[in-house]
Amino acid sequence: MHPYRLNRLFNPRSGRALDVAVDHGFFGEASFITGIENMTKVVDVLLDAAPDAIQLTLGQAHKLQSRPGKAKPSLVLRTDVANVYGNPLDAHIFSHHVPHAIEEAVRLDAVAVCANLMQLPGRPEIREANIRSIMALREEATRFAMPLMIEPLVMQDNSTAGGYMVDGDIDKIVTLVRQAVELGADLIKADPADDLSAYSRVIEVADGVPVLVRGGGRVDDRTLLERTARVLDAGAAGIVYGRNIVQHPDPAGITAALMRVLHDGASVDSALSSLQERSR
């Protein structure tokens, strides 16, 4: 895979990236669209915030790509849809990738496509469906030189956690990340771990494949910035945050604070101080 498209994802100064994921509506859960009901306004806000990339679905990508000018965030295209986040779950659960997803990504001028690799307790058929999707996407991604981001998701049992919450077990995360690498990932969008002091193990097992760490549920600003700094210190190549940006009272401010940590090497205290100054 030639990395030409990735030149538009990673900041040339730091070699890192902030991808804002706003693909939640794809999964058919009412709670996922809180704060992003009007996607035109969401894209307006994110264009002002100016992250490195925005992660969107096939039906929403034009809201970014139709905007004039070249100085705008790059597009990462979500390619698969599943119904695994309900509580309770539907009687039948599934995961499918979009037909002709790579050609669609080329037409939309995306810099990468994203697909899940989910480990759901007691539901190996979903992991199998994900692997089949990844293999099909990998074939076409190679043909069109489209970078493939695989998202290994280690989930807790739905009956205890509800809505398949993330399992932060570092051993499980490392194992699934390694499988994503073996399946041909050009990028990894990985879970954070409960024990961030061991997160270098995730970077080690990826062995040169850039790891971008996902954000998960909303946390306070200091926690978010501290977690970001720690995964970067462990060797992560960036972050993929959604709700912690789009549901923030000041999306542009928290994006700027995160970008200072990513690209300028700012301390957590310095980035937090700049964010707090905006609200005064």
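Above: the structure in question.
What counts, and at which threshold
Residues numbered from 1 in each chain as written. Predicted model: local features only at pLDDT ≥ 70, side-chain atom pairs only at ≥ 80, totals over all residues. Heavy atoms only, no water. Helix = DSSP H or I, 4+ residues; strand = E, 2+ residues; numbered from the N terminus. Expected span 1.5 Å × (residues − 1). Buried < 20%, exposed > 50% of the residue type's maximum accessible area, 1.4 Å probe, protein only. Contact = heavy atoms within 4.5 Å. Phe/Tyr/Trp six-rings, centres within 6.5 Å; stacked < 30°, edge-to-face > 60°. Axes fitted to C-alpha atoms, helices over the stretch in contact; angles between N-to-C directions. Parallel < 35°, antiparallel > 145°, perpendicular 65-115°, else oblique. Left-handed = near helix turned anticlockwise from the far one by under 90°. Nonpolar A, V, L, I, M, F, W, Y, C, P; charged D, E, K, R; others polar.

### Here we look at helix H10 (residues 251–264)
Its 14 residues place the ends of H10 19 Å apart at the C-alpha level, agreeing with the 20 Å of an ideal helix rising 1.5 Å per residue. Counting buried residues in H10 gives eleven out of 14 residues, a clear majority hidden from the surface. Inspection of H10 places Pro251, Ala252, Gly253, Ile254, Thr255, Ala257, Leu258, Met259, Val261, Leu262 and His263 among the buried residues, and these make up the whole buried set. Residues of H10 that are buried in the fold lie against strand E1 (17–21), helix H1 (39–49), helix H8 (221–234), strand E10 (238–241), helix H9 (243–246) and helix H11 (268–278). After H10 finishes, the residue Gly265 shows a positive phi value of roughly 70°.

### Focus: the packing of aromatic side chains
The relation between two aromatic rings is expressed through the spacing of the ring centres and the mutual angle of the planes. Counted by the stated rule, this structure contains three aromatic pairs. Taken together, a centroid distance of 6.3 Å and an interplanar angle of 70° make the contact between Phe26 and Phe27 edge-to-face. Look at Phe27 and you get buried, because its relative accessible area is 9%. Feature note: the residues Phe26, Phe27, Phe32 and Tyr85 constitute an aromatic cluster, connected by ring pairs.

### As for the packing of H8 against H10
At a closest axis distance of 10 Å, the pairing of H8 and H10 adopts a crossing angle of 25°. The angle between H8 and H10 places the two elements in the roughly parallel class. Like other packed secondary-structure pairs, H8 and H10 cross with a definite hand, here right-handed. Packed against H8, whose contacting residues are Asp221, Leu224, Leu225, Thr228, Ala229 and Leu232, the element H10 presents Ile254, Ala257, Leu258, Val261 and Leu262 at the interface. In terms of residue class, the contact of H8 with H10 is built from nine nonpolar, one polar and one charged.

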